[in-house]
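# Coordinate analysis (summary)
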Amino acid sequence: MADLLMGQVLSFAGDAFAGGTARLDEALVIEGGRILARGGARALRAAYPEARVTDYGQDLISAGFIDAHVHYPQTAIIASWGKRLIDWLNTYTFPEEMRFADPAYASEVAERYFDLALAHGTTSMCSYSTIHPASVDAFFAGARARGMRAWTGKTCMDRNAPPGLCDTAQSAYDDSKALLEKWHGVERLSYVITPRFSPTSTPEQLAALGGLWREYPDCLMQTHLSEQVDEIAWVKELFPQSRDYLDTYEAQGLLREGAVYGHAIHLTPRERARLEEAGASLVHCPTSNTFIGSGLFDMGLAARLRVGLATDTGGGSSFSMLRTMAAAYEVAQLRGQALHPSQLWWLATCGSARALRAEGKVGNIASGMEADLVVVNLKSTAAIEQATRRAEDIWEQVFPTIMLGDDRAIRAVWVGGIAR
Ligand code: GUN
Ligand code: ZN
C-alpha cells in the first residue's frame, strides 16, 4: 500500500556548492520502500486515491540525515573531558574499544547507537567498528533489523595500540575479506575497508588492505587524514620516505575514487591537488574538530571535491546532525566562509550520500530514491518557535532549528518506506 505524506517537502536539484537549488513540494508518495513521486498535495491525492495519508502540517520532510563518519563503538565515551587526539585515543578510546572483545557488549552498544541515531533523524551512516570481527557483525545485524542503508568495516591496527587491539597485516586482510564476503551487498549493507589511520598501521598492513581493495574495487575505503598537527608530525617520523600524510596511503593503493578520508584539515597543496585529481571524498567532522581541538576545515574544498558531513561520535560531541550543521556553520564563520542553510542541509543529506557514492540511492527526495526520510518540527522548543515568527522564507524557518535544534525536533523517521 502506498503512503502519501504531506508537509513541507524539501529536495535539492544539483550541488549546493555549485549553483544547485532547493525545491519545496507539498507532498510525496512512497511505496515498496521507494519514493514514487513528489508534488502538489491535491494532484498527488488525486493520482493516488488509495494511498494512506499522513499529514505532517508545517513540518519539514527531508531525506534522512546521513552521518558519513562515526565510530559507533565510541557511543559510551562521548563527551570525555580534557584531551587532544593521541591522548584521547589512549585514555578513552582504546580502553573502550577493548570491551568489544565481548560480542554481547558489541551488540548492546550497537543497539543503543542505532536507537540514538534514529532518534536524532539519522537514517544512514558510515561507521568504524573495532578490530573485532564480532563488532562488525553487531553493527550490521542492528542496521539490518531496522532496514537501514549502512556501512562499516573492521578497524585495522597493527602497531601503536594496546596488544589486545592489534591484528597483523595478514589477519587484517583475512578478517576484512571474510567480513566483506559475508556482508557486502546484503540487503542495504556495504562493507568498507578500514585502516584506522597511518600511525596505527605498518606500511605492510596498508599494502595488504590496498591489495584487498584492488580485489573488491566497488567497496569504499575509509580512514583518517591530517586531523591534528601533532598527528601529522608523528606520521612524518613513522613514514620518513613519504612525501606527506596522503602519500602514506597513496603509496599502498589507498587513494582513488571511493576513498573516504575523515577530517583532512591540515592539507598541503600537493595533497589537495592529488585528492582532487583522484576523485576522493572528504568528510567534515566539525563538532569533533572543535571538541578535540583539531582545527578548522576549509569548506572551499566542497567546490572541488565530494565533501560529506559527520558527527565523528565519540570524538565528536553530538549524535545530532542538526548540531553538526550548526558546528559546520560556526567553523566556516571562523574561516570567513558564510555557509547558507541550504548548503548545510545539503551537506547532511546529498553531500554525505555523494561522499559515500550513494547519491543515486539515498540523500534526496526524488522518484526512484529509497524512502529514508526525516520529519522535522521547525518549532520544537520555545526558543526556536519565537525565533521563527518573522520568517519570510523556508530558510529563515529552518535556520533556528539548525542552530538550536536537537532530537526534540525530530517528529518522525521513515526507513526504507516504513515509519520507525
Ligand atoms: N584518528 C584515528 N582514530 C581516530 C578516532 O577514533 N577518532 C578521531 N577523531 N580521530 C581518529
Ligand atoms: Zn573518526
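Residues numbered from 1 in each chain as written. Chains lettered and ligands numbered in written order. Predicted model: local features only at pLDDT ≥ 70, side-chain atom pairs only at ≥ 80, totals over all residues.

Our working rule: UniProt positions are given in the numbering used here, feature names are shortened, and annotations may be inferred rather than shown by experiment.
The chain has the name Guanine deaminase in an unreviewed UniProt entry, where Stagnihabitans tardus is given as its organism. Of the comments in the UniProt record for the chain, the one headed Catalytic activity (unreviewed entry) reads "guanine + H2O + H(+) = xanthine + NH4(+)". Regarding the chain, the relevant UniProt record gives this comment under Sequence similarities (unreviewed entry): "Belongs to the metallo-dependent hydrolases superfamily. ATZ/TRZ family."

## A closer look at the sheet that holds strand β16 (residues 418-419)
Heads up, the condition is: In this analysis, strands are considered paired if DSSP registers two or more bridges between them. Strands here are runs of E lasting at least two residues and helices are runs of H or I lasting at least four, both read from the DSSP assignment and numbered beginning at the N terminus.
The strand order β3-β2-β1-β4-β14-β15-β16 describes an open sheet built from seven strands, whose pairing is mixed. For this open sheet the edge positions go to β3 (34-39) and β16, each flanked by a neighbour on one side alone. As paired elements, strand β14 (residues 373-376) and strand β15 (residues 410-415) share four bridges and run antiparallel to each other. Among the inter-strand pairings, Val375 is bridged to a residue of β15, identified as Ala412.

## Details of helix α2 (residues 85-98)
Using the following cut-off: Think of it this way: the bend at a residue is just the angle between two axes, each fitted to seven residues, one set ending at that residue and the other starting at it. Any residue surrounded by 20 or more other C-beta atoms within 10 Å of its C-beta is treated as buried, while 12 or fewer makes it exposed and the intermediate range makes it partly exposed; C-beta atoms here are placed from the backbone. Each residue is represented by a C-beta atom placed from its backbone, and any two residues with such atoms within 7 Å are regarded as in contact.
Maximal helix bending in α2 amounts to about 35°, located at Tyr92; proline Pro95 follows within four positions. Those residues of α2 that fall on the buried side of the exposure criterion are Leu85, Trp88, Leu89, Tyr92, Thr93, Glu96 and Glu97. Each element contacted by the buried residues of α2 is listed here: α7 (229-238).

## Focus: the domain arrangement of the chain
Stated formally: Those domain boundaries reflect an automatic or database domain assignment. Basically, the charged four are Asp, Glu, Lys and Arg, the nonpolar ten are Ala, Val, Leu, Ile, Met, Phe, Trp, Tyr, Cys and Pro, and anything else, Gly included, counts as polar.
Looking at the assigned domains, one finds that the chain contains domain 1 (3-63 + 364-419) and domain 2 (65-355). Taking the mean C-alpha position of each, domain 1 and domain 2 sit 29 Å from one another. Taken together, the contact pairs 27 residues of domain 1 with 26 residues of domain 2. With six residues, the top contributor of residues to the side of domain 1 that touches domain 2 is helix α14 (residues 394-404). Partitioning the side of domain 1 that touches domain 2 into residue classes produces 18 nonpolar, five polar and four charged.

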